[in-house]
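Chain by chain, the residues run as shown.
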Number of protein chains: 2
Amino acid sequence: MAGREFELIYRHLGIFGAGPQVRLGVGDDGAVVALPPNSELVVSSDSVVEGTHFPDLTLPEYVATRAVAAAASDLAAMAADPLAMTLALTLPEPDELWLHSFSQGLERCVQSLSLPLVGGDLTRGPLAVTVTVMGSVPTGSALKRSGAKPGDRLCVTHTLGDAAAGLALIMGKLQPTNDIPFEDEEFLEGRFYQPTARLEWVTWLREHAHSAIDISDGLLVDVEHMADASGCACTIDSSALPLSPALTRLGRELCLDWALAGGDDYELAVAVPPGVMLPPGLSHVGEFYEGSGVQCDVSPTARKGYDHFGA
Amino acid sequence: MAGREFELIYRHLGIFGAGPQVRLGVGDDGAVVALPPNSELVVSSDSVVEGTHFPDLTLPEYVATRAVAAAASDLAAMAADPLAMTLALTLPEPDELWLHSFSQGLERCVQSLSLPLVGGDLTRGPLAVTVTVMGSVPTGSALKRSGAKPGDRLCVTHTLGDAAAGLALIMGKLQPTNDIPFEDEEFLEGRFYQPTARLEWVTWLREHAHSAIDISDGLLVDVEHMADASGCACTIDSSALPLSPALTRLGRELCLDWALAGGDDYELAVAVPPGVMLPPGLSHVGEFYEGSGVQCDVSPTARKGYDHFGA
């Protein structure tokens, strides 16, 4: 990196790198971050590419919020406390206005998720963002996909399907018989553009859950990953799925499709052992038992999950 | 990620994730890595994009080796021991043959650099690779750019300019008056395609050096970063630059251009305090003193360093 590239990075991104754990932020060959004593590092990388993960001409602010949420969501699923992130941005041309808007989204993520930005790479090329998030867990306490046990309840955080409905609205693919209230449209599109990484659940998960996964590919697909890794079967009760009022107003059949097969919400699917009281915001939607495979009383008509290279 | 994408990742990349420090590798929401006691995390992200950082149709094996070396080189410059890396790959289409060749390069890096691959993301899009490397240093001992002091010697590892000459050969931009021996061509192009991250210097640097930076943008530009960050001036003696026999045979003027202004070697520039004996492989090429700016007895005719968004 050199010259103007440095300037751009420093002006727009370097200011988001502070935190008590950050010993050295953006500007050297690498950043230095301190972990709490007796803890392990948790790390995950996620890329989002224009046209594949978000529509062309998405507001740069939302490119940032989606990219960071997608990565940070993995920390939540591992029950890891946030430490820091790096962000590699590929941009066709230097563009002050674009970077300004992108930075606004990034700033909101840094603050709301307590994830200081400690490293960046800005290169010329087709628009893409790769975020690497780092977190910490007390040694041995990371929550794995393979931890679910027969008898556990399958629970999910908040509401499902909103982001997939939001994307359908954004792409003009939704033809409802009734007009959609502006507030509903705003809410659903916001759930796509600005998903919330559920880091507020980390402490509870570490204390109570057996296993967790973030729902990025759709509930059915992601629960299947969890059940397979755990050597369990799982049932899902469609009538128990938590749906937002805005989603419900779009009609029941579409709702269930999106809630079961739409990814992009970045909510968490959690295996909770019997006897643990469920706090508000966590819905009991199914059961783990001996066997294999995932069963649901309805079968979504939409594609099953999200496969970048799939048919 | 889902379905075939999973398969591709597991088949080609997941097998490179083992190491005593890796508590959980590829396949969960995040990886878990243990740091040595009383150490800090060092992290750096680097992206390489087809057409910007490497010529179109570069052998996939070399795309991997260059991408990993560029990132790992930052660990060497911070005097950090390697811990692990994540790799985000964007590929236009799934391509078994491409991934097979890419994996061969990756495997060599994982083994030669002791950098297990603990996370991956494979997405569809224009060819690009983002590597995030993680390392560890004993608490407080990371080597910063700002550590050089007046009186220190400027030293560089191994030889400079080879990779830039290799790139000129690859791009057909070199018109020597004499034929170039095949062995020289092979050596110089190899230095571009398969640079070596100088992790073998980490221990020595931590014990003896005041400061280090990796030479990715060219010696003059990178030493300027170091001198500026350290509040020092620096002189470089062109007659002391370490040049390989293959490079020397291309003619003195071109050699100096590449050695001073060509990036891509990923050698290290190091500030070594007086009185420290220089081991083989480290050449004394200049001096730090009070003041500011970098002076050299010759001025390269080529562009000064590498600026992605520069003129």
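Check the entry above for the structure.
Residues numbered from 1 in each chain as written. Chains lettered and ligands numbered in written order. Predicted model: local features only at pLDDT ≥ 70, side-chain atom pairs only at ≥ 80, totals over all residues. Heavy atoms only, no water.

> Would you take a moment to explain empty space enclosed by the protein for this structure?
Gaps left between atoms show up when a probe the size of a water molecule is rolled over them. Scanning all chains against the criterion turns up two cavities of 30 Å³ or more. In this structure, the largest cavity spans a volume of roughly 50 Å³. Secondary structure elements with two or more residues in the lining of the largest cavity: strand S6 (128-138) of chain A together with strand S4 (81-91) and strand S6 (128-138) of chain B. Computed from the structure, the second largest cavity encloses a volume of approximately 30 Å³. What lines the second largest cavity is Val49, Pro126 and Ala128 of chain A together with Val49, Thr90, Pro126 and Ala128 of chain B. Class assignment for the residues of the lining of the second largest cavity results in six nonpolar, one polar and no charged. (1 Å grid on protein atoms, 1.4 Å probe; cavity = no way out; pocket = protein on both sides within 12 Å on 5 of 7 lines; lining within 4 Å. Points joined across faces, edges and corners; volume = space filled by probe spheres on them. Helix = DSSP H or I, 4+ residues; strand = E, 2+ residues; numbered from the N terminus. Nonpolar A, V, L, I, M, F, W, Y, C, P; charged D, E, K, R; others polar.)

> Just to check I follow, could you spell out the sheet that holds strand S4 (residues 81-91) of chain A for this structure?
Pairing is mixed in the open sheet, where six strands are placed in the order S5(A)-S4(A)-S6(A)-S3(A)-S2(B)-S1(B). Taken across any chain shown, the strands that pair with only one partner, and hence form the sheet edges, are strand S5 (117-124) of chain A together with strand S1 (22-24) of chain B. Strand-to-strand twist across the sheet, computed as the mean angle between neighbouring axes with direction ignored, equals 20°. The strands that helix H2 (residues 60-77) of chain A touches are strand S3 (39-49), S4 and S6 of chain A; relative to S6 of chain A, the one it contacts most, it runs at about 30°. Against the sheet, helix H3 (residues 96-113) of chain A makes contact with S4, S5 and S6 of chain A, and its axis sits at roughly 170° relative to S4 of chain A, the strand it touches most. (Pairing = 2+ DSSP bridges. Axes fitted to C-alpha atoms, helices over the stretch in contact; angles between N-to-C directions. Contact = heavy atoms within 4.5 Å.)

> Quick question: what am I supposed to make of the interface of chain A and chain B here?
Quoted interface sizes are often the accessible area lost when the parts come together. Taken together, the contact between chain A and chain B spans 64 residues of the former and 64 residues of the latter. For the pair chain A and chain B, the summed buried area comes to about 5200 Å², and 57% of that belongs to carbon and sulfur atoms. Viewed at the interface, chain B and chain A are joined by six salt bridges. For the salt bridge of Arg145 of chain B with Asp28 of chain A, the shortest nitrogen-to-oxygen distance reads 3.7 Å. Along the contact surface separating chain A from chain B lie 17 residue pairs in polar contact (both at pLDDT 80 or more). At nine residues, the largest contribution of residues to the side of chain A that touches chain B is made by S3 of chain A. Considered class by class, the residues forming the side of chain A that touches chain B number 30 nonpolar, 18 polar and 16 charged. (Buried area = accessible area lost by both parts, 1.4 Å probe. Salt bridge = Lys/Arg side-chain N within 4 Å of Asp/Glu carboxyl O. Polar contact = N/O pair within 3.5 Å; in protein donor to acceptor, adjacent residues only side chain to side chain.)

> Teacher, can you tell me more about unusual backbone geometry here?
Most peptide bonds take the trans form, and the phi angle of most residues other than glycine is negative. Residue and element names in this part refer to chain A. One non-glycine residue with positive phi stands out, namely Ala79, at about 60°. If you trace the backbone, Ala79 turns up in the loop between H2 and S4. Positive phi outside glycine occurs at His158, with the angle close to 50°. Within the element layout of this structure, His158 appears in the loop between strand S7 (153-157) and helix H4 (162-170).

> I'm lost on the side chain of Ser44 of chain A in this one. Help?
Take Ser44 of chain A: it is sitting in strand S3. Overall, the relative accessible area of 6% leaves Ser44 of chain A in the buried class. Within the structure, Ser44 of chain A has its side chain in polar contact with the side chain of Asp74 of chain A (distance 3.0 Å). Residues contacting Ser44 of chain A, with those up to four places away along its chain left out, are Asp74, Val131, Thr132 and Val133 of chain A together with Asp29 and Gly30 of chain B. (Buried < 20%, exposed > 50% of the residue type's maximum accessible area, 1.4 Å probe, protein only.)

> So what exactly am I meant to see when it comes to the sheet that holds strand S11 (residues 282-290) of chain A here?
Sheet strands pair via backbone hydrogen bonds, and the direction of the pair is either parallel or antiparallel. Residues and elements named next belong to chain A. If you trace the six strands from one edge of the open sheet to the other, you get S8-S10-S7-S11-S9-S12, paired in mixed fashion. Strands with a single pairing partner mark the edges of an open sheet, and in this sheet they are strand S8 (211-214) and strand S12 (293-296). Neighbour to neighbour, the strand axes of the sheet diverge by 25° on average, direction disregarded. Of the pairings in the sheet, the one linking strand S9 (residues 232-236) to S11 comprises five bridges and is antiparallel in character. Bridged to Ala233 within S11 is Tyr289. Contacts between H2 and the sheet are confined to S8 and strand S10 (268-272), with S8 contributing the most and set at about 175° to the helix.

> Could you clarify how one ought to interpret H2 of chain A in this entry?
At 3.6 residues per turn, the α-helix brings residues three or four places apart onto the same side. Over its 18 residues, H2 of chain A extends 26 Å from the first C-alpha to the last, a length consistent with the 26 Å expected when each residue adds 1.5 Å. Most of H2 of chain A is tucked away: 17 of the 18 residues are buried. (Expected span 1.5 Å × (residues − 1).)

> Honestly, the pattern of salt bridges in this entry has me stumped. Any pointers?
Pairs can form between side chains of opposite charge whenever their charged atoms are close. As enumerated under the stated definition, the model contains 24 salt bridges over all chains in all. Ionic pairing is found between Asp264 of chain B and Arg66 of chain B, a salt bridge with its closest N-O pair at 3.0 Å. Placement of Asp264 of chain B in the loop between helix H9 (252-261) and strand S10 (268-272) and of Arg66 of chain B in helix H2 (residues 60-77) is noted, with a sequence separation of 198 residues between them. A relative accessible area of 14% places Asp264 of chain B in the buried class. In this structure, Asp184 of chain B and Arg249 of chain B form a salt bridge, with 2.7 Å as the shortest nitrogen-oxygen distance. Of the two residues, Asp184 of chain B is situated in helix H5 (residues 182-193) and Arg249 of chain B in the loop between helix H8 (245-248) and H9; the sequence distance between them amounts to 65 residues. Taken together, the shared-partner salt bridges connect Asp162, Arg191, Arg198, Glu200, Asp265 and Glu267 of chain A into one network.

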